[in-house]
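Inside the fold
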Amino acid sequence: MIQFVNVTKSYDSNIAIRAVNLNIEKGEMVFITGPSGAGKTTLLRLIYRAEHPDEGQIIVAGWDVGKLKDRSIPYLRRNIGLVFQDYRLLQEKTVYDNIALTLRILKVGEGDIKTRVSNILKLVGIRHKSDSLPKDLSGGEQQRAVIARALVGDPTVLLADEPTGNLDPDTAMGILKLFKDINTRGTTVLIATHNRDLFAETGKRVIYLRDGEIEREALG
Amino acid sequence: MIQFVNVTKSYDSNIAIRAVNLNIEKGEMVFITGPSGAGKTTLLRLIYRAEHPDEGQIIVAGWDVGKLKDRSIPYLRRNIGLVFQDYRLLQEKTVYDNIALTLRILKVGEGDIKTRVSNILKLVGIRHKSDSLPKDLSGGEQQRAVIARALVGDPTVLLADEPTGNLDPDTAMGILKLFKDINTRGTTVLIATHNRDLFAETGKRVIYLRDGEIEREALG
Amino acid sequence: MSFFLFNSAIDSLWKGKWINLLTTLTVAVALIIIGIFSMLLFNLNLALRHWSEGFGIIVYLKDDINQSSIKAVDNALTSNRDILNVRFISKDDALNELKSQLGSFGDVLSGLEQNPLPSSFEIKLRPEALEPSKVKSIALKIKKMDGVDDVQYGERWVSILGSVNKGLRALAILLGTMIALGIIFIIYSSIKVLFYRRTEEVETLKLLGATKAIIRGPFLIEGGIIGFLGGAVSLLALRGVYRLFSFQIISMFPGLMAYPVSFLPVWSWFVFLLSGITLGLTGSFIALGRIRY
Amino acid sequence: MSFFLFNSAIDSLWKGKWINLLTTLTVAVALIIIGIFSMLLFNLNLALRHWSEGFGIIVYLKDDINQSSIKAVDNALTSNRDILNVRFISKDDALNELKSQLGSFGDVLSGLEQNPLPSSFEIKLRPEALEPSKVKSIALKIKKMDGVDDVQYGERWVSILGSVNKGLRALAILLGTMIALGIIFIIYSSIKVLFYRRTEEVETLKLLGATKAIIRGPFLIEGGIIGFLGGAVSLLALRGVYRLFSFQIISMFPGLMAYPVSFLPVWSWFVFLLSGITLGLTGSFIALGRIRY
Ligand SMILES: Nc1ncnc2c1ncn2[C@@H]1O[C@H](COP(=O)(O)OP(=O)(O)OP(=O)(O)O)[C@@H](O)[C@H]1O
Ligand SMILES: Nc1ncnc2c1ncn2[C@@H]1O[C@H](COP(=O)(O)OP(=O)(O)OP(=O)(O)O)[C@@H](O)[C@H]1O
Ligand SMILES: [Mg+2]
Ligand SMILES: [Mg+2]
């Protein structure tokens, strides 16, 4: 589903991703971990073409991401659910509208949107905040809204960047269960996190990044 | 140093802080924890007068915060170092300028600013990012920049909201040590966090919030 | 789908209602300035035409001319397409006119044994022909006709008229360009406000898989609506200004304007609305710039 | 401290250099429009004064007037503060003038045994006195003098002059108000751009303990600099426009303007720069609004 062949990405001064080879099968659930600045976010950004690789080849769901034309990028991204480390909720829209946006871009009908959004809000536990603006949510509530937005479109691939940084352990475990469920239904899931508790005892693949290189792999 | 007497704060629909009584002595180090939405951020915001209490009295470093005149608020805040859950770094300024800002507001001379900023950057481990813009930092690097900004002014009180949400365990422990050091030098420190590892085995006071009420207190 | 685009445009219009109202009014003010300017030009043009009707050429005939030659000159003049109107003034008519012009001193002419004045034609030209060089060539052509002694016309008057026309045209180009530049700047910077408010939104939309059309759509719709409203407001305001001032202007220029001041012609209303929309769309488009993923 | 404020203003000016350049140009364009308009009014006023110098009042004296009465009228006229210039025209002068006016037909007057024309004074008024009601009252006063038969003047000419003056003033107020409104809108919305770009910054500054002065300072400095630059650019541009067009204007209005078109007077340059700064500061101040913690 996601394949990195010798991928390198550097910013002016420093190399964020160094000759990485990676192969994630359809339906897998994989964790990426490593110290701050190791390149986790950069690796995810390369997958959804927010960054262009300097070298190497990236294949995602059959698309050769490095060679993608500008106008094809939206269609790649429509297959990918994204949980951003910095949330990126639209401040002027309610939680409901923020989540509905994914579906509206996919041209889903408004009636359908209503049921799907309210289901997903219930799942992440912030249904009572449906009509609030992001600024009126606590940090953890915002994080759950972002997760809801990523899941609502039933993506083929889910990329989550530090999805539980602002969540208390109980809620974090609830979210992990959600990710596992959606993975069971066939979605490929890739989670970048510092939270060892999250992948401990899952039995899933964990990739350890350091200074842009894959240090080692293990099972959680 | 910080005293809450029967403080209540509610947003239109829901009560975020419910009749809270709290007394934090000068030089103490206290953790606040509790599930997402418990009111941790609101409690901190009440201290630096970003929110006005509906009821009750709040005394901070001798100021009656609830009765503070608009034009006195800046002078209250100059005693308080703030680590925001959502960072609030100025996107158009470099890391250096972001941190220097605190000192410039305090009318410190440029020469002095230079040494103090570079010292604090070394302490949090992002000295090499001094001239980067926030958008070019990883999540954890941004978090450390915010911590540096809060510490550089040598505040009487330090309020930190989820200061390690984006940090790997090792870096998080480094930051905790920093907080302990500054606390040893006399600064009152108040940290809101979900990260149990942070306060485990510190022997410091931990306040458990739930639904806006103090559920219990314990030593970490 | 397009319903969603339209919806989010309306939504955003409403959310930024103050700044949008401001933009609308700014566009309206700019269009009002253009409107007042057009109204002035339009009416000055009408007035010039009106005044120019008073301009005549006098064709003095030779003293020994016979009736058939007079007829020939008359025919030649009448068939000239630049000439609107031809009036024959006999020797007697001329003397009577001079007498009445001299007023109470006219009696001095009663003692004359012989009429020294020639007969003449008085010609009015079509307004279109009232250009200094044109008038000169017409006069020269007439002067060469058989039986014509001399041709006189207010050369100074024609040259003033020509100058005023030229001056107005230069002024129109100069001020018009300035104001047009001003409007472009206003719209551009107003839409930049919208855009700056929403760079984050645009970035996020890109990441969520929105196509360029989906991103641009609401901005363009918004810009178009603002432009349209600006045009409409300016028309209403102009109508108001016209109502307020037209009577005053008539009473201010009692000698100059014997007829009411005109509002802008109907077709130009549509030009106003359309240029509002076009300016709004163009401004939005420029402000959006090139969208890159 | 103020160094820091100034510094961060410069910093922010540079960071938003395109939008700020745009704002500066917009302000400049608005001021240029006002400038061209002022230049037009200023020159039209000069031209009106020049033309009005041709305006005269003729005072016809009674036929039986004696030399001492003429002297008395002359003295009375000369001592009138509204009268610039007095010229006596004797009966003979008058007849000669009429003859030369009639041109080749003037010979008809040679046969007269008695000069029927009266002697007269031709008066030029000061430009300041050239107001219809004022002219009328002067004429009436003169008519009542001993030995004066009649007073004639171009009533139509005076009323046109008055109308044009009134019209210009009305136009000045109308267009001036419109443009001033436009400028206020432009500055406001431009500073709003600055402000929207920096609401986050303002919020953060508040949380870091910045006083209102520290928050407002850079914005005000920035607005003032933009306004000043706008004023300076508009002055340069106006100077350029003047250079380009002044000669053409002279050649376009050969009859009307025998003297060169004037640029704006020096004191008005400072008015331009100062109003640029003031508008910039005012716009910034309004756009910043009330700062609350
Ligand atoms: N846009 C950019 N310009 C320059 N350098 C960048 C940019 N984005 C990231 N970097 C740098 O690349 C390195 C890897 O960054 P990345 O965000 O991938 O780290 P990360 O593993 O996600 O860290 P964290 O856990 O702190 O979020 C860091 O040193 C960072 O400073
Ligand atoms: N501005 C606001 N308007 C309305 N409700 C608000 C506002 N700010 C916070 N709330 C609500 O108040 C409650 C407490 O919020 P607070 O941010 O204090 O929680 P928290 O303990 O910091 O949570 P987290 O760990 O998720 O950051 C939440 O239910 C939140 O939705
Ligand atoms: Mg990251
Ligand atoms: Mg919080």
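Described below are features of the structure shown in this document.

Reading guide: rules and limits
- Numbering of residues begins from 1 in every chain and follows the order in which that chain's sequence is written.
- Chain labels run from A onward and ligand labels from 1 onward, assigned in the order the entries are written.
- Only residues with pLDDT of at least 70 are given local features in this predicted model, and only at 80 or more are side-chain atom pairs given and counted; all residues enter the totals for whole chains, interfaces and linings.
- Side-chain calculation: all heavy atoms of the structure are included, whereas hydrogens and water are not.
- A helix here means a DSSP run of H or I that spans at least four residues, while a strand means a run of E at least two residues long, and both kinds are numbered starting from the N terminus.
- With C-alpha atoms as the basis for the radius of gyration, the globule rule is written as 2.2 Å multiplied by the number of residues raised to the power 0.38.
- Only protein chains enter the area calculation, which uses a 1.4 Å probe; residues under 20% of their type maximum are buried, those over 50% are exposed, and those in between are partly exposed.
- By definition in these notes, contact holds between two residues if any of their heavy atoms fall within 4.5 Å.
- Computed with a 1.4 Å rolling probe, the buried area is the accessible surface lost when two parts are put together, summed over both parts.
- Any Lys or Arg side-chain nitrogen found within 4 Å of a carboxyl oxygen on Asp or Glu counts as a salt bridge.
- Only N, O and S atoms count as donors, using a 2.8 Å limit from the metal and a wider 3.2 Å limit for Na, K and Ca, and since water is excluded some coordination spheres may look unfilled.
- Neighbouring residues are identified by heavy atoms, a residue being near a molecule or strand if any of them is within 4 Å of it.
- Identification of polar contacts relies on pairs of N or O atoms within 3.5 Å, with a donor-acceptor requirement for protein atoms, meaning one able to donate a hydrogen and the other able to accept it, and with residues adjacent in sequence counted only if both atoms are side-chain atoms.
- With residues, only the protein chains shown are counted as cover, and all accessible areas are computed by Shrake-Rupley using a 1.4 Å probe.
- In this count, Pro and Cys sit with the nonpolar residues alongside Ala, Val, Leu, Ile, Met, Phe, Trp and Tyr, while Asp, Glu, Lys and Arg are called charged and the others, Gly among them, polar.
- Two strands are said to pair when DSSP picks up at least two bridges between them.
- Think of each axis as a best-fit line through the C-alpha atoms, taken over the contacting stretch in the case of a helix, with angles from 0 to 180 degrees between the N-to-C directions.
- Each patch groups residues whose relative accessible area exceeds 30% and which form no salt bridge, using 9 Å between like charges and 5 Å between nonpolar side chains of Val, Leu, Ile, Met, Phe, Trp and Tyr.
- For classification purposes, an angle smaller than 35 degrees is called roughly parallel, one larger than 145 roughly antiparallel, one from 65 to 115 roughly perpendicular, and anything else oblique.
- Handedness of each helix crossing follows the sense of rotation of the near helix against the far helix: counterclockwise by less than a right angle gives left-handed, clockwise gives right-handed.
- Under the counting rule used here, the positive set is Lys and Arg, the negative set is Asp and Glu, and His together with the chain ends is not counted.
- Positions of charges follow a simple convention, taking NZ of Lys, CZ of Arg, CG of Asp or CD of Glu.

**Some words on the overall build of chain A**
Each helix and strand counted, chain A has seven helices and ten strands in total. Expected size for 220 residues packed as a compact globule is a radius of gyration near 17 Å; at 17 Å, chain A falls within 12% of this value. Dimensions of chain A along its principal axes, counting C-alpha atoms only, are 45 × 40 × 35 Å. Taking all 220 residues of chain A together, the buried fraction comes to 57%.

**Quick look at the interface of chain C and chain A**
Between chain C and chain A, the residue contacts involve 21 residues of the former and 21 residues of the latter. For the pairing of chain C and chain A, the buried interface totals around 2,000 Å² over both sides, and the portion due to carbon and sulfur atoms is 63%. When the buried surface of chain C facing chain A is broken down by residue, L207, L208 and Y293 of chain C rank first, second and third, together holding 36% of it. Where chain C meets chain A, there are two salt bridges.

**Quick notes on the coordination of the magnesium ion (ligand 4)**
All names here are of chain B. For the magnesium ion (ligand 4), the full set of protein donor atoms is T41 (OG1) and Q85 (OE1), at a range of 1.9 to 2.3 Å. In this pair, T41 is assigned in helix α1 (residues 40–47) and Q85 in the loop between β6 (80–83) and α3 (95–105), connecting sequence segments 44 residues apart. Among the residues examined, Q85 registers a relative accessible area of 17% and is labelled buried.

**Brief notes about the site of ligand 1**
Every one of the 20 residues lining ligand 1 counts as a neighbour, but T41 and T42 of chain A together with S138, G140 and E141 of chain B are closest to it. More than one chain reaches ligand 1: its neighbouring residues belong to chains A and B. One of the backbone N or O atoms of G39 of chain A is found 2.9 Å from an oxygen atom in ligand 1. Q85 of chain A is positioned such that a nitrogen or oxygen atom in its side chain is 2.9 Å from an oxygen atom of ligand 1. Against a free-state accessible area of 630 Å², the protein chains account for coverage of 90% of ligand 1. The set of elements that each furnish at least two residues to the shell around ligand 1 consists of α1 (40–47) of chain A together with α5 (139–152) of chain B. Along the lines of polarity and charge, the residues of the shell around ligand 1 split into four nonpolar, eleven polar and five charged.

**Some remarks on the sheet that holds strand β10 (residues 213–219) of chain A**
Residue and element names in this part refer to chain A. Strand order in the open sheet formed by six strands is β6-β7-β8-β3-β9-β10, with mixed pairing between adjacent strands. Strands at the two margins of the open sheet, each flanked by one partner only, are β6 (80–83) and β10. Strand-to-strand twist in this sheet, taken as the mean axis angle between neighbours without regard to direction, amounts to 15 degrees. Where β6 and strand β7 (residues 157–161) come together, four bridges link them in parallel fashion.

**As for the coordination of the magnesium ion (ligand 3)**
Distances from the magnesium ion (ligand 3) to its protein donors, T41 of chain A (OG1) and Q85 of chain A (OE1), fall within 1.9 to 2.3 Å. By relative accessible area, T41 of chain A is classed as partly exposed at 25%.

**Side note on unusual backbone geometry**
Residues and elements named next belong to chain B. Even without being a glycine, A61 presents a positive backbone phi close to 50 degrees. Among the secondary structure elements, A61 is positioned in the loop between β4 (55–60) and β5 (63–64). Relative accessible area serves as the criterion here: at 32%, A61 is assigned to the partly exposed category. In the Ramachandran plot, E162 falls in the positive-phi region, its phi being about 50 degrees despite a non-glycine side chain. Structurally, the position occupied by E162 is in the loop between β7 (157–161) and α6 (169–184).

**Quick look at the site of ligand 2**
Close contacts around ligand 2 come from 20 residues, with S138, G140 and E141 of chain A together with T41 and T42 of chain B the closest. More than one chain lines the surroundings of ligand 2; the residues nearby belong to chains A and B. A38 of chain B is positioned with one of its backbone polar atoms (N or O) 3.2 Å from an oxygen atom of ligand 2. T42 of chain B is positioned such that a nitrogen or oxygen atom in its side chain is 2.6 Å from an oxygen atom of ligand 2. Protein chains shield 90% of the accessible area of ligand 2, which is 640 Å² for the free molecule. For the shell around ligand 2, the secondary structure elements donating two or more residues are α5 (139–152) of chain A together with α1 of chain B. The class makeup of the residues in the shell around ligand 2 is four nonpolar, eleven polar and five charged.

**What to know about a nonpolar patch on the surface**
Residues and elements named next belong to chain C. Residues W18, L21, L25 and V233 make up a contiguous nonpolar surface patch of roughly 380 Å² in combined accessible area. In terms of residues, the nonpolar patch owes the most to one element, helix α2 (residues 17–52), which gives three residues. Among the structural elements, L21 can be located in helix α2. Taking relative accessible area as the criterion, L21 reaches 43% and is therefore assigned partly exposed.

**A look at the side chain of T24 of chain D**
When you line up the elements, T24 of chain D lands in helix α2 (residues 17–52). Contacts of T24 of chain D, omitting those with residues within four sequence positions, involve I226, L229 and G230 of chain D.

**Structural notes on the pattern of salt bridges**
Residues and elements named next belong to chain A. A complete count under the given rule lists 37 salt bridges over all chains for this structure. Where R45 meets E51, a salt bridge forms, and the shortest distance between an N and an O atom there is 3.0 Å. Across the pair K135 and D136 runs a salt bridge, and its minimum N-O distance is 2.9 Å. On the basis of relative accessible area, D136 is assigned to the partly exposed category, the value being 43%. Residues participating in the shared-partner salt-bridge network are K9, R45 and E51.

**Side note on the environment of L82 of chain B**
As for its position among the elements, L82 of chain B is in strand β6. You can call L82 of chain B buried: its relative accessible area is 4%. Linking L82 of chain B and I147 of chain B, residues 65 residues apart in sequence, is a C-alpha distance of 7.8 Å. In this structure L82 of chain B touches Y48, V146, A150 and L159 of chain B together with L207 of chain D, once residues within four positions along its chain are discounted.

**Some words on the sheet that holds strand β1 (residues 2–10) of chain B**
All names here are of chain B. Strand order in the open sheet formed by four strands is β2-β1-β4-β5, with antiparallel pairing between adjacent strands. For this open sheet the edge positions go to β2 (15–24) and β5, each flanked by a neighbour on one side alone. Alignment of β1 against β4, held across five bridges, turns out to be antiparallel. When the bridges of β4 are listed, T8 appears paired with E55. Of the strands in this sheet, β1, β2 and β4 are in contact with α1, which crosses β1 at around 120 degrees.

**Quick notes on the packing of helix α3 (residues 95–105) of chain A against helix α4 (residues 110–124) of chain A**
All names here are of chain A. Relative orientation of the contacting elements α3 and α4 amounts to 125 degrees, with a least axis distance of 10 Å. One way to sum up the angle between α3 and α4 is to call them oblique. Crossing angle aside, the handedness with which α3 passes α4 is right-handed. Packed against α3, whose contacting residues are V95, Y96, I99, A100, L103 and R104, the element α4 presents E110, I113, K114, R116, V117, I120 and L121 at the interface.

**A look at the side chain of D70 of chain B**
On the secondary structure map, D70 of chain B appears in the loop between β5 and α2 (73–77). On the basis of relative accessible area, D70 of chain B is assigned to the buried category, the value being 19%. Not counting the four nearest positions on each side in its chain, D70 of chain B is found in contact with K212, I291, R292 and Y293 of chain D.

**Overview of a negative patch on the surface**
Together, D86 of chain A, D86 of chain B, E200 of chain C together with E200 of chain D make up a negatively charged patch on the protein surface. With respect to the element layout, E200 of chain C can be found in helix α7 (residues 199–207). Exposure remark for E200 of chain C: the relative accessible area of 57% places this residue in the exposed category.

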